[in-house]
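What follows is the residue order along each chain.
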Amino acid sequence: MPFVYSAGMELSELRELFETHAIRRVKVGGFDIDGVLRGKYLALDKFWSVAKESFGFCDVIFGWDIGDVCYDNTSGPTSGYPDIHAHIDVDSFRVLPNEPNTAGFLLDFKLPDGKAHPACPRGLLKRTVARAQASGFVPLFGAEFEFWVFKETPESMRAKNFQGLTPLSPGMFGYSWLRTGQYKDFVHALMDACERFEIALEGFHTETGPGVYEVAIKYAEAVRAADQAALFKTLAKQVASELGLCVTFMAKWSADLPGSSGHLHQSLWDSTKHKNLFADPKGEHGLSQLGRHYLGGLVQAMPEVTALYAPTINSYKRYVPGVWAPLTASWGVENRTTAVRYIGGSGGASTRFEHRQPAADINPYIAMAASLGSGLYGIEHAVEPPAAQVGDASSGGPALPRDLTTATRMLKESEVARTVLGSPFVDHYVATREWEIRQHAKAVSDWELKRYFESI
């Protein structure tokens, strides 16, 4: 078997797996605030010496931005970027599909006192899940991503200044049987790699646009679901690279084309994992009171935590009328124009909410933690949702922030976010977004050059 995901694996079991798969190298990594997988190789003897302990990892991974430029408004410069404790999650053992005889593991980053590092996205989700479990809930999540594929390499894209890129296929061709067959080398390579990497896919198809695809990752318990979602983005880029292609999960890479969604399906189950707690055949639309309160929290907190669902300057280019991205904090029954789509399943097993506000540029750990935390807040405070929207919801309900500056300010002032996610995380995240805003403010865009350079 290529992957093991069971709690508390013994090192003796892990050694047997290493022998079975002839493991000669080990690669470990963890995700930063922007969802970038930061990692390195460990020698086998080093790995075995720290497998049940921890090792030092420079905390600059939480002290620099997506371009490896150090923040000037976090604790990094004054602390000197010391080592933090990296704990190997031995239960996350995988054999890397594109690196034979190489084992891969995920890391959890902790402080010297053993507590989770406040900026660690995986630790944030684990804390939020623990809060749900303390109330007897098991949260299940499933992510959907839209992403664009190009006949480009990192070098060619930079040579073109990311303009005039050649998509994998031409035309607007959603749900195309033909296109997936014509480009089966990429499609099959990615599906096969996901299977070997134990990222379970429920669906994979073309979307509307040149070279755009959508993947639905099978639901799982929240931390595993986030692992699969975050790893899928890295795996898709690696598979594409081996075929001379490139992939982007930007929310909106072209003003003339649709954006890329990152929808999150979610439900709560009882501790036996046999009963969907959102389902009640006697409730309106088959929704339980607990489910209504979860929905109430999700919708109420949405404007305040938008910066966690839309983390970049580019995220907000997707929020324009007519492209299926929600503009208001709203919900509806099987309504894809609302921010939350309620899906009532036959018999209740598949009853769930689809959170449609996030785009493909999310950090899955942070977005799932925000979503779950908001829902738990709704349950704890018996928050009733607003009336369901019928038809176009673009003007129904409170408006969502339309830029990162507004969203970051609202997050900074949000008592709900601080209650469910903790002030240390919120303060750090806000600082990183304020940095991002400042970097954008001093950039000179192509639009400005074309508009003003000659005429003004």
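As shown above, the structure is provided for reference.
Reference entry: report on the structure contained in this document.

Each value, and the rule that gives it
Residues numbered from 1 in each chain as written. Predicted model: local features only at pLDDT ≥ 70, side-chain atom pairs only at ≥ 80, totals over all residues. Heavy atoms only, no water. Buried < 20%, exposed > 50% of the residue type's maximum accessible area, 1.4 Å probe, protein only. Helix = DSSP H or I, 4+ residues; strand = E, 2+ residues; numbered from the N terminus. Pairing = 2+ DSSP bridges. Axes fitted to C-alpha atoms, helices over the stretch in contact; angles between N-to-C directions. Patch = residues over 30% accessible without salt bridge, like charges linked within 9 Å, V, L, I, M, F, W, Y side chains within 5 Å. Areas by Shrake-Rupley, 256 points an atom, 1.4 Å probe, with all protein chains shown as cover. Salt bridge = Lys/Arg side-chain N within 4 Å of Asp/Glu carboxyl O. Lys, Arg positive; Asp, Glu negative; His and termini not counted. Polar contact = N/O pair within 3.5 Å; in protein donor to acceptor, adjacent residues only side chain to side chain. Parallel < 35°, antiparallel > 145°, perpendicular 65-115°, else oblique. Left-handed = near helix turned anticlockwise from the far one by under 90°. Contact = heavy atoms within 4.5 Å. Nonpolar A, V, L, I, M, F, W, Y, C, P; charged D, E, K, R; others polar. Phe/Tyr/Trp six-rings, centres within 6.5 Å; stacked < 30°, edge-to-face > 60°. Lys NZ or Arg CZ within 6 Å of the ring centre and 35° of its normal. Core = buried A, V, L, I, M, F, W, Y, C linked by side-chain atoms within 4.5 Å.

**Things to note about the pairing of strand S6 (residues 138-150)**
Successive residues of a regular strand alternate their side chains across the two faces of the sheet.
Here comes step 1: Counted residue by residue, S6 has 13 buried out of 13 residues, so it is predominantly covered.
Here comes step 2: Of the two faces of S6, the one lined by Val138, Leu140, Gly142, Glu144, Glu146, Trp148 and Phe150 and the one lined by Pro139, Phe141, Ala143, Phe145, Phe147 and Val149 are each fully buried.
Here comes step 3: The pairing of S6 with strand S11 (residues 264-269) spans 6 bridges and is classified as antiparallel. Residue pairing in the sheet places Leu140 in a bridge with Ser267 of S11.
Here comes step 4: Pairing geometry for S6 and strand S9 (residues 220-221), over 2 bridges, is antiparallel. Looking across to S9, one finds that Leu140 is bridged to Glu221.
Here comes step 5: Pairing of S6 with strand S8 (residues 212-217), which is carried by 5 bridges, proceeds in the antiparallel orientation. Following the sheet pairing, Glu144 is matched in S8 by Ala216.
Here comes step 6: Pairing of S6 with strand S10 (residues 246-248) involves 3 bridges; the strand directions are antiparallel.

**Observations concerning the sheet that holds strand S4 (residues 83-95)**
Here comes step 1: Strand order in the open sheet made by the 5 strands is S2-S1-S5-S4-S3, with mixed pairing throughout. Each of the sheet's edge strands pairs with one partner strand only, and the pair in question is strand S2 (37-42) and strand S3 (55-58). Sheet twist, expressed as the average angle between the axes of neighbouring strands with direction ignored, equals 40°.
Here comes step 2: Note: strand S1 (residues 25-31) against strand S5 (residues 102-110), 5 bridges, orientation parallel. The residue of S5 that forms the bridge with Lys27 is Gly104.

**Topic: a nonpolar patch on the surface**
Here comes step 1: Where nonpolar side chains cluster on the molecular surface, the patch consists of Val444, Leu449 and Phe453 and spans about 350 Å² of accessible area.
Here comes step 2: Tracing the chain through its elements places Phe453 in the segment after helix H15 (446-452).
Here comes step 3: For Phe453, a relative accessible area of 69% corresponds to the exposed category.

**Here's the deal with the side chain of Glu144**
Here comes step 1: Locating Glu144 in the fold gives a position in strand S6.
Here comes step 2: Salt bridges are absent for the buried Glu144, whose nearest opposite-charge side chain, Arg356, sits at 5.8 Å.
Here comes step 3: Only 2.9 Å separates the side chain of Glu144 from the side chain of His265, close enough to count as a polar contact.

**Here we look at the pattern of salt bridges**
Here comes step 1: Following the criterion strictly, the structure yields 20 salt bridges and no others.
Here comes step 2: A salt bridge links Arg122 to Asp89; its shortest N-O distance comes to 2.9 Å. One end of the pair, Arg122, is in helix H4 (residues 121-134); the other, Asp89, is in strand S4, and 33 residues separate them in sequence. Each member of the pair, Arg122 as well as Asp89, carries the same accessibility label: buried.
Here comes step 3: Glu334 serves as the salt-bridge partner of Arg341, at 2.8 Å between the closest nitrogen and oxygen.
Here comes step 4: By relative accessible area, which is 42% here, Glu334 ends up partly exposed.
Here comes step 5: Three or more residues are tied together by salt bridges with common partners; here these are Asp89, Asp108, Arg122, Lys126 and Asp227.

**Structural notes on the packing of helix H12 (residues 404-412) against helix H14 (residues 423-441)**
Here comes step 1: One way to put it is that H12 packs onto H14 with a least axis distance of 10 Å and a crossing angle of 160°. One way to sum up the angle between H12 and H14 is to call them roughly antiparallel. The handedness of the crossing between H12 and H14 comes out as left-handed. Taking contact as the criterion, the partners of Leu404, Thr405, Thr408, Leu411 and Lys412 in H12 are, on H14, Val426, Tyr429, Val430, Arg433, Glu434, Glu436 and Ile437.
Here comes step 2: Tallied by class, residues from the contact of H12 with H14 come to 6 nonpolar, 2 polar and 4 charged.

**Considerations on the packing of aromatic side chains**
Here comes step 1: Tallying each qualifying case throughout the model produces 29 aromatic pairs.
Here comes step 2: Relative to Phe353, the ring of Phe278 has its centre 5.0 Å away and its plane inclined at 45°; by these criteria the two rings are tilted. Here Phe278, found in the loop between S11 and helix H9 (289-301), pairs with Phe353, found in strand S14 (residues 352-355); they are 75 residues apart in sequence, far enough to count as distant. In this structure, Phe278 and Phe353 share a single accessibility class: buried.
Here comes step 3: One residue, Arg15, lies across the ring of Trp48, its end atom 4.0 Å from the ring centre.
Here comes step 4: Sitting over the ring of Phe57, Lys40 keeps its end group 5.0 Å from the ring centre.

**Quick notes on the nonpolar core**
Here comes step 1: Formed by 121 residues in total, the largest nonpolar core has its most connected members in Phe147, Phe186 and Phe232.
Here comes step 2: When residues of this core are assigned to their parent elements, the largest contribution, 12 residues, is made by helix H8 (residues 222-242).
Here comes step 3: Those residues within four positions of Phe147 in sequence are excluded, and the remaining contacts are Phe186, Leu190, Phe204, Gly211, Val212, Tyr213, Val215, Phe232, Val247, Thr248 and Phe249.
Here comes step 4: Core analysis: the second largest hydrophobic core is formed by 7 residues, Met157, Val212, Cys246 and Leu257 among them.

Read these as spatial facts, not as claims about activity.
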